[in-house]
Amino acid sequence: MQVRTVGVIGAGQMGNGIAHVFALSGYDVVLNDISAEALERAKGVIAKNLDRQVQREKITAEERETAFARISTTTSLPDLGPTDLVIEAATEREAIKQKIFEDLVPHLRPHTILTTNTSSISITRLASRTDRPEKFMGLHFMNPVPVMQLVELIRGIATDDETFETMLAIVESLGKTAAVAQDFPAFIVNRILVPMINEAVYTLYEGVGSVTSIDESMKLGANHPMGPLELADFIGLDTCLAIMNVLHEGFGDTKYRPCPLLTKYVEAGWLGRKAKRGFYDYRGEKPVPTR
């Protein structure tokens, strides 16, 4: 089927990045959030990121203007009803996602494809709460969306071939590469990545190394561009904890038990960069380890 208009639910870090890449690839985008202020911030971030691409000669000034003009915003979920594809990019909490789909479904056209940017939650289970499980998929972008090349494409048990082929073509039209994953907790990337981060937190918790020594060890010893604790702050410690809980509950294996120190940081509201404090303190001129 032809997809020309795309609805994106959630104007946060992932949502604004998804709107950006779709608009730049020629799709008309309706960006939705419950907060008008969040939508204004998102438009500002998109404008700044498009400007950066112009400065780096990745796109022309004309392409920047055309892409930005393709993005409209709304605080009303029913406004996404006429779109051909909806991408839910709200917070990583299953109850919230289910409520969004329940509120949205009555307004959708019969052919509209529903997708979720979840990084760990069961696609089959989310799809079962809609009227179109055969037209439902996981479409998991990596952060930051305009930069990262991979998109995980996850079929639920009921997803039909037409929906899968359509979404595969859409990922290619964005200039990105699809990795097809089966619908198991955390899929591919986060099933491997987040337990590594959790193990780094255990290494800190047990006093094996400091924040600095752990991150330096993985950057210089394993050639990682970011240390695992720095990366955790970038992702958001609440998101890391949510993914570990999904893995722990989904597999019932103690190797996925979230580190108590990770839980403690989240309880303190030290969620990483977005909260200005996590394993590093970002309130000064340069990040300083908090432990």
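Please read these numbers as outputs of a predicted model, since none were measured by experiment. (Residues numbered from 1 in each chain as written. Predicted model: local features only at pLDDT ≥ 70, side-chain atom pairs only at ≥ 80, totals over all residues. Heavy atoms only, no water.)

Caption draft 1: Main features of helix α10 (residues 237-251). In this model, α10 (15 residues) spans 21 Å end to end at C-alpha, consistent with the 21 Å of a helix rising 1.5 Å per residue. Within the sequence span of α10, burial applies to Leu237, Thr239, Cys240, Leu241, Ala242, Ile243, Met244 and Leu247. Along its buried surface, α10 packs onto α7 (189-205), α9 (228-235) and α11 (260-267). Two residues or fewer after α10 comes Gly252, characterised by a positive phi angle close to 60°. (Helix = DSSP H or I, 4+ residues; strand = E, 2+ residues; numbered from the N terminus. Expected span 1.5 Å × (residues − 1). Buried < 20%, exposed > 50% of the residue type's maximum accessible area, 1.4 Å probe, protein only. Contact = heavy atoms within 4.5 Å.)

Caption draft 2: Summary view of the UniProt feature "site: Important for catalytic activity" (unreviewed entry) in the protein chain. The UniProt entry lists His140 under the feature "site: Important for catalytic activity" (unreviewed entry), expressed in the numbering used here. The buried category is assigned to His140, whose relative accessible area is 5%. Non-local contacts of His140, meaning those with residues more than four positions away in its chain, are made with Thr116, Asn117, Thr118, Ser119, Leu150, Val151, Glu152, Ile154 and Asn190. Side-chain polar atoms of His140 contact the side chain of Glu152, separated by 2.7 Å. (UniProt positions renumbered as here; feature names shortened; annotations may be inferred. Polar contact = N/O pair within 3.5 Å; in protein donor to acceptor, adjacent residues only side chain to side chain.)

Caption draft 3: Quick peek at the pairing of strand β8 (residues 177-181). Summarising the sheet, strand β7 (residues 150-155) and β8 pair through five bridges and their orientation is parallel. Considered in β8, the bridge of Leu150 is made with Thr177. Crossover handedness for the path β7 to helix α6 (residues 161-173) to β8: right-handed. (Pairing = 2+ DSSP bridges. Right-handed = clockwise from strand over helix to strand, strands pointing away.)

Caption draft 4: A look at the packing of α7 against α10. With their axes 10 Å apart at the nearest point, α7 and α10 run at an angle of 110° to one another. Relative to α10, the element α7 lies roughly perpendicular. Between α7 and α10 the crossing geometry is left-handed. Seen from α7, the contacting residues are Asn190, Arg191, Val194, Pro195, Ile197 and Asn198; seen from α10, they are Cys240, Ile243, Met244, Leu247 and Phe251. Class assignment of the residues belonging to the contact of α7 with α10 gives a composition of eight nonpolar, two polar and one charged. (Axes fitted to C-alpha atoms, helices over the stretch in contact; angles between N-to-C directions. Parallel < 35°, antiparallel > 145°, perpendicular 65-115°, else oblique. Left-handed = near helix turned anticlockwise from the far one by under 90°. Nonpolar A, V, L, I, M, F, W, Y, C, P; charged D, E, K, R; others polar.)

Caption draft 5: Region of the structure containing the side chain of Arg64. Topologically, Arg64 is positioned in helix α3 (residues 61-69). By relative accessible area, which is 11% here, Arg64 ends up buried. A polar side-chain atom of Arg64 sits 2.7 Å from a polar atom in the side chain of Asp51. Other than its neighbours up to four places away in sequence, Arg64 contacts Ala47, Leu50, Asp51, Val54 and Ile59.

Caption draft 6: Layout of the sheet that holds strand β3 (residues 71-74). The strand order β3-β2-β1-β4-β5-β6-β7-β8 describes an open sheet built from eight strands, whose pairing is mixed. Each of the sheet's edge strands pairs with one partner strand only, and the pair in question is β3 and β8. The average angle at which neighbouring strand axes cross in this sheet is 25°, direction not considered. Here helix α4 (residues 94-104) sits on the sheet in contact with β1 (5-9), β4 (85-88), β5 (113-116) and β6 (136-141), set at roughly 165° to β5.

Caption draft 7: Region of interest: the packing of aromatic side chains. With the rule as written, the count across this model stands at eight aromatic pairs. Between the aromatic rings of Phe22 and Tyr27, the centroid separation amounts to 5.2 Å while the plane-to-plane angle is 70°, which identifies the pairing as edge-to-face. Neither Phe22 nor Tyr27 differs from the other in exposure class; each is buried. For the pair Tyr202 and Tyr205, a centre-to-centre distance of 6.3 Å together with 70° between the ring planes defines the contact as edge-to-face. Highlighted residues: Tyr202 and Tyr205, both in helix α7, separated by three residues, approximately one helical turn. Residue Tyr202 is classed as buried on the basis of its relative accessible area, which comes to 11%. A relative accessible area of 42% means that Tyr205 is categorised as partly exposed. An aromatic cluster is defined as three or more aromatic residues linked by ring pairs; in this entry it consists of Phe22, Tyr27 and Phe141. A cation over an aromatic ring shows up here: Arg64 above the ring of Phe68, its NZ or CZ 5.2 Å from the ring centre. (Phe/Tyr/Trp six-rings, centres within 6.5 Å; stacked < 30°, edge-to-face > 60°. Lys NZ or Arg CZ within 6 Å of the ring centre and 35° of its normal.)

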